[in-house]
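Overview (structure and organization)
Chain by chain, the residues:
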Amino acid sequence: MDRLTSAARLMIVSDLDHTMVDHHDTENLSLLRFNALWEANYRDNSLLVFSTGRSPTLYKELRKEKPLLTPDITIMSVGTEITYGNSMVPDDGWETFLNNKWDRKIVTEETCKFPELTLQAESEQRPHKVSFSVQKEKAEDIMKTLSKRLEERGLDVKIIYSGGMDLDILPQGAGKGQALAYLLKKLKSEGKLPHNTLACGDSGNDAELFSIPDVYGVMVANAQEELLQWHAANAKNNPKVIHASERCAAGIIQAIGHFNLGPSTSPRDVMDLSDCKMDNFVPAYEVVKFYLFFEKWRRGEIEHSEHYLANLKAVCRPSGTFVHPSGVEKSLQECITLFRTCHGDKQGKQYRIWVDQVLPAQVGSDSWLVSFKKWELSGEDRRCCITTVLLSSKGKTLADGLTWTHVHQTWLHGSAPSDSTAWLV
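Thresholds applied
Residues numbered from 1 in each chain as written. Predicted model: local features only at pLDDT ≥ 70, side-chain atom pairs only at ≥ 80, totals over all residues. Heavy atoms only, no water. Helix = DSSP H or I, 4+ residues; strand = E, 2+ residues; numbered from the N terminus. Buried < 20%, exposed > 50% of the residue type's maximum accessible area, 1.4 Å probe, protein only. Contact = heavy atoms within 4.5 Å. Lys, Arg positive; Asp, Glu negative; His and termini not counted. Charge placed at Lys NZ, Arg CZ, Asp CG, Glu CD. Axes fitted to C-alpha atoms, helices over the stretch in contact; angles between N-to-C directions. Parallel < 35°, antiparallel > 145°, perpendicular 65-115°, else oblique. Left-handed = near helix turned anticlockwise from the far one by under 90°. Pairing = 2+ DSSP bridges. Phe/Tyr/Trp six-rings, centres within 6.5 Å; stacked < 30°, edge-to-face > 60°. Lys NZ or Arg CZ within 6 Å of the ring centre and 35° of its normal. Disulfide = S-S within 2.5 Å. Core = buried A, V, L, I, M, F, W, Y, C linked by side-chain atoms within 4.5 Å. Arc of directions from axis to C-beta. Polar contact = N/O pair within 3.5 Å; in protein donor to acceptor, adjacent residues only side chain to side chain.

**Observations regarding the overall build of the protein chain**
The number of helices and strands found in the protein chain is 11 helices and 18 strands. Taking all 425 residues of the protein chain together, the buried fraction comes to 54%. Within the protein chain, residue pairs in contact and separated by at least 24 positions form 65% of the contacts whose partners lie at least 6 positions apart. Here the protein chain holds 49 positive side-chain charges and 56 negative ones, and the gap between their average locations is 2 Å.

Pasting the structure below:
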């Protein structure tokens, strides 16, 4: 949160499985659409929060499987763990708060008396969360009985049933909703309360998110029955909570537009990126736009046209340089020449590019230094390099766009391939 010196323009708090991530979307298109929108328009002045039932272990596994952006804040284990930044630094104050009237040993003793409960994997058992699987038809009775027994033993717990099979036992003060309320209170105390907050979910353990005052909410189109029932009983007359007609991340984009929270057209939905009209120079948008063009060029989704190559030459300074992650330096004009040869070389193949943590810093009256991670997926091969770009508006109009003067890339640790010649720019 220290990245922002003032209140976030927008804070999105989103569940992952079946909300941000659509496991039925093999191309991850809705997620990639959201990624492009966020990095082009929101990253530098907003906060992205992932709020998941997954433990840190399973969360990290998902990051390896899907093209997820890096969040500013991660809430895991159904709201029992809050961490910050790339290093996922834990919030010690939250952990201390959750210890009140919580004894994991007593929870384990009482749940052992219910043979219907099947303990989930060891990775899902956390200091402030005990997780089971249980058949849907038995869940309600077990929850009532177990809640009473734990209360009799002096504990104050919360039992959450979600996904038609998952039963989580947490301290009463835990949960996705309480974690969000804690974050908002903390941000407010620092004078950084977000101008708008949008909560996004699909299942029962997300219901609490929509109960926090002054927070917008979206239940994605594929929301589960338990969440829809909660909404009908508790929030059907709340205009700040909607049931989207779009699935997963596409539903989040829909909600941004519905509530007028900011731009809601993803650059991936713009047919001709060269026609984009901006009110001022936006370095992050230029970066997103460039790599989307590169992806579409190699996938053969745009024609092999001299018009596009001329536009590309126009935005690259003739003396501009590119330092390849292997350390080889070449001119940007040489890179454009290589572009000619790779048109459509990924046609019909699984090939995607996305950028993460696009953060511009103005270093002069007409220049910006933009840092980001550039990811490239080709079949099963996934690579990433840390990229720094120097952009300039000197002598340029908004219609011209910014000039690329220098690009420098280094491999993210563990990403370097044995043969790096296939990595173009």
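Having put the structure on the table, let's press on.
**Comments concerning the packing of helix α10 (residues 306-315) against helix α11 (residues 332-341)**
Packing of α10 against α11 leaves a shortest axis separation of 10 Å and a crossing angle of 165°. Put simply, α10 runs roughly antiparallel to α11. In this structure, α10 meets α11 at a crossing whose hand is right-handed. Of the residues in α11, those in contact with Glu306, Leu309, Leu312 and Lys313 of α10 are Gln333, Ile336, Phe339 and Arg340.

**Points about the sheet that holds strand β9 (residues 166-171)**
Read from one edge of the open sheet, 4 strands run β6-β7-β9-β8, paired in antiparallel fashion. If you trace the sheet from one side to the other, it starts and ends with β6 (118-119) and β8 (157-162), each paired once. Bridging between strand β7 (residues 130-133) and β9 involves 4 bridges; their strand directions are antiparallel. Residue pairing in the sheet places Phe132 in a bridge with Leu167 of β9.

**Some thoughts on the packing of aromatic side chains**
A complete count under the given rule lists 16 aromatic pairs for this structure. Seen in terms of ring centroids, Trp94 and Tyr182 are 4.9 Å apart; in terms of plane orientation they differ by 50°. Their pairing is tilted. Separated by 88 residues along the polypeptide, Trp94 in helix α3 (residues 92-98) and Tyr182 in helix α6 (residues 176-189) bring together distant segments of the chain. Taking the relative accessible area as the measure of exposure, Trp94 reaches 1% and is therefore buried. By relative accessible area, which is 22% here, Tyr182 ends up partly exposed. Centre to centre, the rings of Phe281 and Trp368 are 6.4 Å apart; their planes meet at 50°, and the pair counts as tilted. Taken as a pair, Phe281 in the loop between α8 (248-258) and α9 (283-298) and Trp368 in strand β16 (residues 367-378) lie far apart in primary sequence, 87 residues in all. By relative accessible area, which is 24% here, Phe281 ends up partly exposed. Aromatic ring contacts, followed pair by pair, group Phe290, Tyr291, Phe293, Phe294, Trp297, Tyr308, Phe339, Phe372 and Trp404 into a single cluster. Between Lys240 and the ring centre of Tyr216, over which it is positioned, the NZ or CZ distance is 4.9 Å. Cation over ring: Arg382 sits above Trp375, and NZ or CZ is 4.8 Å from the ring centre.

**Concerning the state of the cysteines**
For the structure on display, the rule yields 0 disulfides. Cys200 carries a free sulfur, and the closest cysteine sulfur to it, the one in Cys248, is 11 Å from it. What makes Cys200 buried here is its relative accessible area of 0%.

**Section: the nonpolar core**
One finds Val287, Tyr291, Phe294, Trp297, Phe339, Phe372 and Trp404 to be the most contacted residues of the largest nonpolar core, which totals 39 residues. Broken down by element, this core gets its largest block of residues, 10 residues, from α9. Each residue touching Phe372, except ones within four places of it in the same chain, is listed here: Val287, Tyr291, Val355, Asp356, Gln357, Val358, Cys385, Ile386, Thr387 and Val389.

**A word on helix α4 (residues 104-111)**
Within α4 the residues assigned to the buried category are Ile106, Val107, Glu110 and Thr111. Seen along its axis, α4 keeps its buried residues to an arc of 125°; they face one direction. Between the side-chain oxygen at the start of α4 and the backbone nitrogen of Lys105 there is a gap of 3.0 Å, and the oxygen is on Asp103.

**Describing the environment of Ser147**
Checked against the element boundaries, Ser147 lands in helix α5 (residues 136-152). Sequence separation of Ser147 and Lys158 is 11 residues, and the distance between their C-alpha atoms is 7.8 Å.

**Things to note about the pairing of strand β13 (residues 316-323)**
In the sheet, β13 pairs with strand β18 (residues 403-411) via 4 bridges, with the strands oriented parallel. Looking across to β18, one finds that Cys316 is bridged to Trp404. Where β13 folds back on strand β14 (residues 329-331), the antiparallel hairpin that results is connected by 5 residues, among which Gly327 adopts a positive phi of roughly 105°.

**Concerning unusual backbone geometry**
We note that Lys101 has phi near 55°; this positive angle belongs to a residue other than glycine. One can find Lys101 in the loop between α3 and α4. Even without being a glycine, Gln357 presents a positive backbone phi close to 55°. Mapped onto the fold, Gln357 is located in strand β15 (residues 351-364). A relative accessible area of 17% means that Gln357 is categorised as buried.

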